[in-house]
Amino acid sequence: MSPRTTANRRKATDRPVRAGRISKTKKEQALIKVSPKGLKLVESENPIEQVCGAPPAWSEGRQQLCDAIPWFRCTQGAMYHSEGFCYGFLIDADGGIRSYIDEEIIVTRIGGCCTKDSEGNLVLEKNQDPGTALVQSIIGSQESKLAVGLVIGSNNKVLNRRLPHRYNIMDWFRVTNVWFEKLGQKHCVKVRFEKLNLAEKSWWAAKDSPLPLPLQQRNFETKMESIMCQSCSTESPRIYNEGWMCLDPSCVDFWRIENVSPPVELTFHSDFLNFRSPPDPAVQPSYSLVPDLLSTLDENATDVSTSRIAWKGIVCPMCFKCIRRTFWQGWKCDDDSVLGQESCPFQKFMNMTPVSLRVVLDHFELAPIKRAILFDQKFSIPEIDDISFFPYRKLTYNLEGVGSITHFVSNRTINSRKNGPDDLFVNLQRGDLGLKRFRIQSSLVAGTLTSHFAVNYGMPYKYVVSVDSKGFDEAPEAMLRTLGRLSWATEKAVMSSGGTYLPPNELLTLGYFEEMKIGFHDDGESSLGPSIATFSLGAKATMLVRMKYKYFNGATRRVESNAVGNLLQNDPVLKDCKFEAERRELKEEFNAGEISQEDYDDSRRALFKGHKGKEAPTTIKMELHHGDLVVMHGENLQKYYEHSVIPENKLRFALTARFVKPDHVNANEIKKGEFSLTPDQIYDGK
Ligand SMILES: O=C(O)CCC(=O)C(=O)O
C-alpha cells in the first residue's frame, strides 16, 4: 500500500543540507551507511581517531560509575530508568545495526529482549513491547522534556574514536524520536538523542575538527518529513533515504517501502540527521551532569557521616574519576585505581562526629529492664532460660544433628554497666579502627564492594572477602574487652551444649552505616573451629538463618528452569528439606543396599523433575539488639545453613570471634592471634 502524504510533505531527498549540520569527514559520511555488516567494514577501513577533549567525569569500572553518578544507577543493561523516566543511557558495544553517532546526534537501539548468537552478535529473542518499562521510560523522558545523560563505553565502535576511559560521561541529551524497526523477524525500539547544548563543541568530536556553528547561525527550520500511513492512519517520520515506512508495529504495512520489505542496506535521510530542535528552556535534567555530593554533607552534623547518602561514590575533584567510599572515614582516589594506573593524591576524610546511642536506639530508655520477646510460629521457637546466666535471657535454637544457636539477650543493667556495651559503642568510634569495604571475591558483578566495613584483628581470616589482619597487640582497648565478652559467651554456650570450648583467637569487626547489610553467607571455612560468637553494638538488626539451596533442594542450582542440578553425593536429608520423607526413604534403601547408586540417582532425579528449585524458607529469625551476644556452634551448622544480617539504623557494629586453627596459618602470623586480658577485661557475665 502506498503512503498518503500529509499536507506539508516535501520531497526530502531534494532538500539541500542546511546550516547547523556538523560537517563530516569522508569517514564519518561512510558511517552513515548502516548495513548490518557495514559498520564493521567502516571500522576496519578507517584508523581510529583521537578525540578533541576530555570527559567531565569517567570511570574504569561500572560499579564506580553507578555509585557516583545518580542518573546512571544501573550496574547492568544500557538504560537507567526509574518510576517511568529514563535518566541515563550507556552507548557501548551493543547499539545494534543502524546505529549512528556524531558530535550532536546519537541513534541507538534500546536494550532488552536480546540474546547473543554463536558469533556473539546480539539478536532479539522476542518483540520489544511498547508497554515495557524501558520503552515507557524513554517515551516518558521525551514527553516530560527530561534530559537524559549519556555515557559512552570504550567498546563502542560506531564513533570510531579512541576513548580515554572505559566509561566516559558525554553530556545531556534530549530524546527527539522513539520508533519501532524490524530486526530479523522481530521488532525493536530505536531512539534518536540530540545534544542539549549545541553551543559548545563536544569533547568526543575529532581532534582538529571545526567548531560547531554558533546558535545564531543555525537553522532550526529543517524538519523531518512525516507521513500518515494509509492503512493505520498513524504518522511516521522518514528516517531512511530508501523510502518512507510505517513505523507502527501493529500496522500491516509496518516496515515496508511501497509494499515490499526494505533493502538490507539503509542510509539515514539527511533531514533525519540534520534537523535540530530549537532551544527550549523547559528541557532540563534532573541532576547535575557531575554531581557535587561533598558540598551537601555537613560534617559537623552528628547523623550525616554514617547516613546512606554519605556512603555514595563521588567524582574526584582533581582527576574526575568516579570513586567509591571504601574507607570508614571517606574517599581516597587512588584506592579505586586500576593496577598500574597513575594514582591521584585526592582524599576526603570526614570528621566522623560520634553517633550517639540515642540516635540509633528506639527504646524510650535506650534498653528495657527485661526484653519481652514474642516468637513467630513461622520460625523455630527457642528454649528459654531466664535463670542460668541472669541477667541475660538465654534463648537456644537446636538444629537436630546440625548444631545450636545460643542468643544471650541483653538489657539495660548489662548495657549501662561501666565498660559495658554503651561505653564500648562510644569507644569503638574513637580513633581509626582501620575499617574498610573490600571487593567480594565471588560476586556476580566484578568489582562489587561489600555493603559493610570490616577489619580483622588476631589470626588471619578470609570470609566473603580477603581482609588483612592486624595483631591483637595493635587492637584498641574496646576490642580486647569485646574479646573478653565473646570468650565468655562462647564458653558458656558450648559447655551448655556439651561441646569442647576452643578460646577464640581472631576478631572480625564489621561496621554498618545506614542501609548496609551482610547477605546470606556461611562461616564454614576448613580453617575454623566449630564456634562463632558475635557481639552486637548500636542499631538493632535482624538475623536470618536458612538451609543452603543444595541441601534444601537435594541438588545444585541449574540455569534452565525445571532442569535438575547436580545431585548431592551425600544427602544429609535435613529436617524440613524439600521431599524430606521421600529422600529419607530412598537414602535408607540405598544405604541398606536395596537399590544401586544408579537407581538411587534416577529416583531422585524423577522426584525433583518438574519442580523448580527455590531458596529454603527462613528457619530462624532473631532480633539482635544492642549488647546481645549470639553463638553459633557446630561445624555442620556452617556446612548446611547460611545466615544474613540486616541492621536498621545509622550505625551498628558486629564483632565476631572465631577460633582459627593454627596449622592453617603461616608461622609468621601465629603471633597475631596471641593476647592476654587484664583482670577487668575478662568478662564475668554481668
Ligand atoms: O552482623 C552480624 O551480626 C553478623 C556478622 C557475620 O555474619 C559475620 O561476621 O560472619
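Parameters at a glance
Residues numbered from 1 in each chain as written. Predicted model: local features only at pLDDT ≥ 70, side-chain atom pairs only at ≥ 80, totals over all residues. Helix = DSSP H or I, 4+ residues; strand = E, 2+ residues; numbered from the N terminus. Buried ≥ 20, exposed ≤ 12 C-beta atoms within 10 Å, placed from the backbone. Contact = placed C-beta atoms within 7 Å. Pairing = 2+ DSSP bridges. Axes fitted to C-alpha atoms, helices over the stretch in contact; angles between N-to-C directions. Near = placed C-beta within 6 Å. Core = buried A, V, L, I, M, F, W, Y, C linked by C-beta atoms within 7 Å. UniProt positions renumbered as here; feature names shortened; annotations may be inferred. Parallel < 35°, antiparallel > 145°, perpendicular 65-115°, else oblique. Nonpolar A, V, L, I, M, F, W, Y, C, P; charged D, E, K, R; others polar. Expected span 1.5 Å × (residues − 1). pLDDT = per-residue confidence, 0-100.

1. Some points on the overall build of the chain
Each helix and strand in the chain was counted, giving 13 helices and 32 strands. Classification of the 686 residues of the chain by burial places 40% in the buried group. Across the chain, the fraction of contacts at a sequence separation of at least 24, relative to all contacts at a separation of at least 6, is 70%.

2. Some remarks on the sheet that holds strand β23 (residues 453-458)
The strand order across the open sheet formed by nine strands is β20-β21-β22-β30-β27-β32-β25-β23-β24, and the pairing between neighbours is mixed. Among the strands making up the open sheet, the edge pair consists of β20 (383-385) and β24 (469-470). Looking at chain direction, strand β22 (residues 403-409) and strand β30 (residues 629-633) are connected through five bridges and run antiparallel. Paired with Ser404 across the two strands is His633, which belongs to β30. Strands in contact with helix α9 (residues 477-496) are β22, β23, β25 (506-513), β27 (528-538), β30 and β32 (651-660); relative to β27, the strand with the most contacts, it is inclined by about 125°.

3. Section: the site of the ligand
Close to the ligand lie 13 residues; Asp523, Thr534, Val645, Ala654 and Thr656 are nearest. Elements with a contribution of two residues or more to the shell around the ligand: β25, β27, β31 (641-647) and β32.

4. Digging into the sheet that holds strand β29 (residues 618-624)
Strand order in this open sheet of four strands is β26-β31-β28-β29, and the pairing throughout is antiparallel. Pairing within the sheet leaves two strands with one partner each, and these edge strands are β26 (518-521) and β29. Within this sheet the neighbouring strands show an average axis-to-axis angle of 15°, counted without direction. Note that strand β28 (residues 541-547) and β29 share six bridges and pair antiparallel. The residue bridging Ala541 from the neighbouring strand is Leu624, located in β29.

5. What to know about unusual backbone geometry
Pro391 follows Phe390 through a cis peptide bond whose omega is 15°. Counting through the fold element by element, Pro391 comes out in the loop between β20 and β21 (393-399). Backbone geometry places Lys145, a non-glycine residue, at a positive phi of 55°. Here Lys145 lies in the loop between α4 (133-143) and β10 (148-153). For Lys145, a count of 13 C-beta atoms within 10 Å puts it in the partly exposed group. Despite not being glycine, Met352 shows a phi value in the positive range, around 55°. Among the secondary structure elements, Met352 is positioned in the loop between β19 (347-349) and α6 (357-360).

6. A few points about the nonpolar core
The biggest cluster of nonpolar side chains holds 75 residues, and the ones touching the most others in it are Leu510, Ala533 and Val630. For Val630, the residues in contact, after removing those within four places along its chain, are Ile405, His407, Ala533, Thr534, Met543, Met622 and Leu624. The next biggest cluster of nonpolar side chains, apart from the first, holds 67 residues, and it includes Ala57, Trp71, Leu90 and Ile101.

7. Brief notes about the UniProt feature "binding site: 2-oxoglutarate" (unreviewed entry) in the chain
When the UniProt feature table is mapped onto this chain, "binding site: 2-oxoglutarate" (unreviewed entry) is found at His521 and His643. Look at the named residues: they lie 123 residues apart in sequence, but the longest C-alpha span between them is just 5.6 Å, so in the fold they bunch up. For His521, the location among the structural elements is in strand β26. The class of His521 is partly exposed, set by 15 C-beta atoms lying within 10 Å.

8. Quick notes on the pairing of strand β4 (residues 79-82)
Summarising the sheet, β4 and strand β5 (residues 85-91) pair through four bridges and their orientation is antiparallel. Paired with His81 across the two strands is Cys86, which belongs to β5. Counted between consecutive antiparallel strands, the loop separating β4 from β5 contains two residues, among which Glu83 sits at a positive phi close to 45°.

9. Some remarks on the packing of helix α11 (residues 580-591) against helix α12 (residues 597-608)
For the pair α11 and α12, interaxial distance at closest approach is 10 Å and the crossing angle is 170°. What the angle tells us is that α11 and α12 run roughly antiparallel. Along the contact surface, α11 presents Glu582, Leu586 and Phe590, while α12 presents Tyr600, Ser603, Arg604 and Leu607. Across the contact of α11 with α12, the residue classes break down as four nonpolar, one polar and two charged.

10. Considering the environment of Glu598
Positionally, Glu598 belongs in helix α12. Judged by the 8 C-beta atoms lying within 10 Å of it, Glu598 falls in the exposed class. Placed 93 residues apart in sequence, Glu598 and Asn505 show a C-alpha to C-alpha distance of 46 Å.

11. Let's talk about α9
Over its 20 residues, α9 extends 29 Å from the first C-alpha to the last, a length consistent with the 28 Å expected when each residue adds 1.5 Å. Most of α9 sits inside the fold, with 14 of its 20 residues counted as buried. Gly498 lies just past α9 and shows a positive phi near 80°.

12. Considering the environment of Tyr551
Locating Tyr551 in the fold gives a position in helix α10 (residues 549-553). Tyr551 sits in the buried class, given 21 other C-beta atoms within 10 Å. Distance in space between the C-alpha atoms of Tyr551 and Asn570 is 9.8 Å, their sequence separation being 19 residues. Ignoring sequence-local partners within four residues, the contact set of Tyr551 consists of Pro572, Leu574, Cys577 and Tyr640.

13. Thoughts on α11
Residue pairs three or four apart in sequence face the same way in an α-helix, which turns once every 3.6 residues. If you check α11, its first and last C-alpha atoms are 16 Å apart, about what twelve residues at 1.5 Å a residue would give, namely 16 Å. Following α11 by one or two positions, Gly593 adopts a phi angle in the positive range, close to 75°.

14. Describing the confidence of the model for the chain
Chain-level statistics for the chain give a pLDDT mean of 89 and a share of 90% at 70 or above. Long-range and interchain partners of residues 1-44, a stretch whose pLDDT sits below 50, account for 76 contacts in this model, where long-range means more than four residues apart. Across the interfaces of the predicted complex, the ipTM metric reaches 0.98, alongside a pTM of 0.87.

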